[in-house]
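# Structural characterization, general
Chain residues, written in single-letter form:
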Amino acid sequence: MKHTCTLIPALLLLMAATLACGSKSGTASEATGNSPEAGTQRVASVPRFNADSAYLYVKQQTDFGPRVPNSPAHKACGDYLIGQLRRFGATVYTQEADLVAYDNTILKARNIIGAYAPDKKKRVLLCAHWDSRPYADQEKSKKAQRQPISGANDGASGVGVLLEVARQLQQQEPTIGIDIIFFDAEDYGTPTFHRGDYKPDTWCLGSQYWGRVPHVQNYNARYGILLDMVGGRGGTFYQEMFSKRTAGRQVEKIWDAAHRLGYGAFFPKDTGTEVTDDHVYVYNLRQIPCVDIINYSPASGSGFGDFWHTHGDNMDIIDRATLQAVGQTVLEVIYNEK
Ligand code: AHN
Ligand code: ZN
């Protein structure tokens, strides 16, 4: 009598343990977490980022040619991005604006926003710029400087990672709401060869516009993550100084997540330089702390890497391993938000 009472639960436990072992896969991020055992803490299940998909989305953008505002390639790529976000189940908003460039060119700009669970109050903002630079002003040759760049890393990489995040968001809903913003006209800032009057704030025109006129009134989010140049071979993401000062807790959280996943070599816990980028305007204009995950290569002249604002910024320097490190880290952070 006594023995049968303890034997049955023991057998059930053994069966449960065997089943759990059978379904377990190699990485921590693949644990399903759908049926927590009684008395154990439920751990968020984090989907596995697919770097092949992200790579394809980077390539598809560059295949349009340089995405310079006012060009047909820019229009076509914008339509593609809207189509992809819709395909991945987002509620899509677009903002069209005439923005004035450093040389007074009117840029027909378009910010593209994909919202997930738009009615949720708790939200995180993910962003990247989708335009590419009209100049390669870090080239030595004067002629080459005037030609637009492919911008595989500077522009397309961040967007490619976020499109793969969007695809994952459709398959598994996190606890919080997510907004993915593709900012336009980030990279039309004053070129090194310009000899006219100085004009302030010529970079990040799309995020400056959004900061003043958000896509929904009184838009707010807990924090933001900006991805910039996140696909380069051998890329390294130091803790950018403006992010550290204005979003220090989120910097710690993101870098801890990267190290936990084994991506410590991509995410040194050392300080990088301070960068003027879209996150500055997200913070200054909307008071949303925003972390810039941006390539910093200390050995390069500019600090951004030797490809930066040159024709070397093309698909040849894109590495799935870098996309994977950044994409999986972003998923780890957002799927652990409660
Ligand atoms: C400046 O060069 C002032 N800021 C860097 C922001 C940037 C340009 N990110 C990509 N391209
Ligand atoms: Zn740039």
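Residues numbered from 1 in each chain as written. Chains lettered and ligands numbered in written order. Predicted model: local features only at pLDDT ≥ 70, side-chain atom pairs only at ≥ 80, totals over all residues. Heavy atoms only, no water.

## Digging into the pairing of strand S5 (residues 223-228)
Counting buried positions over the six residues of S5 gives six, a clear majority of the element. Burial of S5 is two-sided: the residues Tyr223, Ile225 and Leu227 facing one way and the residues Gly224, Leu226 and Asp228 facing the other way are all buried. Judged from the four bridges that link them, strand S3 (residues 123-129) and S5 form a sheet pairing that is parallel. The residue of S5 that forms the bridge with Val124 is Tyr223. Both S5 and strand S6 (residues 290-294) contribute to a ladder of five bridges, which runs parallel. Counterpart to Leu227 in the pairing with S6 is Ile293. (Buried < 20%, exposed > 50% of the residue type's maximum accessible area, 1.4 Å probe, protein only. Helix = DSSP H or I, 4+ residues; strand = E, 2+ residues; numbered from the N terminus. Pairing = 2+ DSSP bridges.)

## Observations concerning the pattern of salt bridges
All told, the structure shown has 15 salt bridges when counted by the stated rule. The salt bridge partner of Glu173 is Lys120, with a shortest N-O separation of 2.7 Å. Taken together, the residues span a long stretch of sequence, with Glu173 in the loop between helix H5 (152-171) and strand S4 (177-183) and Lys120 in the loop between strand S2 (106-116) and S3 at a distance of 53 residues. For Lys120, a relative accessible area of 29% puts it in the partly exposed group. A salt bridge links Arg245 to Glu274, with the shortest nitrogen-to-oxygen separation between them at 3.0 Å. (Salt bridge = Lys/Arg side-chain N within 4 Å of Asp/Glu carboxyl O.)

## Some remarks on the environment of Asp306
Along the chain, Asp306 falls in the loop between S6 and helix H10 (320-334). In contact with Asp306, not counting residues within four places along its chain, are Ser300 and Gly301. (Contact = heavy atoms within 4.5 Å.)

## Brief notes about the site of ligand 1
Inspection of the region around ligand 1 gives Asp154, Glu186, Asp187, Trp203, Asp228, Met229, Val275, Thr276, Phe304, Trp308 and His309 as its neighbouring residues. At a separation of 2.7 Å, a nitrogen atom of ligand 1 approaches a polar side-chain atom of Asp228. Contact distances for ligand 1 include 3.4 Å between a nitrogen atom and a side-chain N or O atom of His309. Protein burial of ligand 1: of its 320 Å² of free accessible surface, 88% is covered by the chains. The residue inventory of the shell around ligand 1, partitioned by class, reads five nonpolar, two polar and four charged. (Near = heavy atom within 4 Å. Polar contact = N/O pair within 3.5 Å; in protein donor to acceptor, adjacent residues only side chain to side chain. Areas by Shrake-Rupley, 256 points an atom, 1.4 Å probe, with all protein chains shown as cover. Nonpolar A, V, L, I, M, F, W, Y, C, P; charged D, E, K, R; others polar.)

## Things to note about the coordination of the zinc ion (ligand 2)
Protein coordination at the zinc ion (ligand 2) comes from Asp154 (OD), Asp187 (OD), Asp187 (OD) and His309 (NE2), with a distance range of 1.9 to 2.5 Å. Along the chain, the residues donating to the zinc ion (ligand 2) fall in the pattern D-x32-D-x121-H. Of this pair, Asp187 sits in the loop between S4 and helix H6 (205-212) while His309 sits in the loop between S6 and H10, and the two are 122 residues apart along the sequence. His309 matches Asp187 in its accessibility class, with the two residues each being buried. (Donors = N, O, S within 2.8 Å, 3.2 Å for Na, K, Ca; no water.)

## Quick look at the sheet that holds S2
Read across the open sheet, the six strands follow the order S1-S2-S4-S3-S5-S6; overall the sheet is mixed. One side of each edge strand has no neighbouring strand; the edge strands of this open sheet are strand S1 (91-100) and S6. Here the strands of the sheet are splayed against their neighbours by 20° on average, with no regard to which way each runs. As paired strands, S1 and S2 are joined by ten bridges and run antiparallel to one another. In the strand pairing of S2, Tyr93 is matched with Ile113. Running over the sheet, helix H3 (residues 72-87) touches S1, S2 and S4 and is turned about 10° from S2. (Axes fitted to C-alpha atoms, helices over the stretch in contact; angles between N-to-C directions.)

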